[in-house]
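One-letter residues, chain by chain:
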Amino acid sequence: MANATFRIWRGDQGAGQFRDYTIEISEGMVVLDAMLQIQASQAFDLAMRWNCKAGKCGSCSAEINGSPS
């Protein structure tokens, strides 16, 4: 397994900051898997809206590496 660091914006449109979370990743993981792992293990108050794995990419308005996904 390898580690990856995810930089996640914590806040709202008016104020906030990026926080880094490092987790173990494994083959076959998608970004949603990583976000749910971060939420369950490190950022218990992390809220997110998602519709991943439903074949509607872009519905969660995620930005990954500076690009909308």
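Scope of this entry: the structure provided in the associated data block. (Residues numbered from 1 in each chain as written. Predicted model: local features only at pLDDT ≥ 70, side-chain atom pairs only at ≥ 80, totals over all residues. Heavy atoms only, no water.)

## Brief notes about the packing of aromatic side chains
- Under the defined criterion, the tally for this structure stands at one aromatic pair.
- On the basis of an interplanar angle of 75 degrees and a centroid distance of 5.1 Å, the ring pair of Trp9 and Phe18 is categorised as edge-to-face. (Phe/Tyr/Trp six-rings, centres within 6.5 Å; stacked < 30°, edge-to-face > 60°.)

## Description of the pattern of salt bridges
- Under the definition given, this model contains two salt bridges.
- The partner of Arg7 in a salt bridge is Asp20, with the nearest N and O atoms 2.8 Å apart. Placement of Arg7 in strand E1 (residues 2-11) and of Asp20 in strand E2 (residues 16-25) is noted, with a sequence separation of 13 residues between them. (Salt bridge = Lys/Arg side-chain N within 4 Å of Asp/Glu carboxyl O. Helix = DSSP H or I, 4+ residues; strand = E, 2+ residues; numbered from the N terminus.)

## Describing helix H1 (residues 31-41)
- Every buried residue of H1 is accounted for by Leu32, Ala34, Met35 and Ile38. With its buried residues spanning 160 degrees around the axis, H1 presents them on a single face. (Buried < 20%, exposed > 50% of the residue type's maximum accessible area, 1.4 Å probe, protein only. Arc of directions from axis to C-beta.)

## Some words on the side chain of Arg10
- Relative to the elements of secondary structure, Arg10 occurs in strand E1.
- A residue is classified by how much of its surface remains accessible, and Arg10, at 18% relative accessible area, is buried.
- Side chain to side chain, Arg10 and Asp45 meet in a polar contact 3.0 Å long. (Polar contact = N/O pair within 3.5 Å; in protein donor to acceptor, adjacent residues only side chain to side chain.)

Honestly, it's all geometry; don't read function into it.
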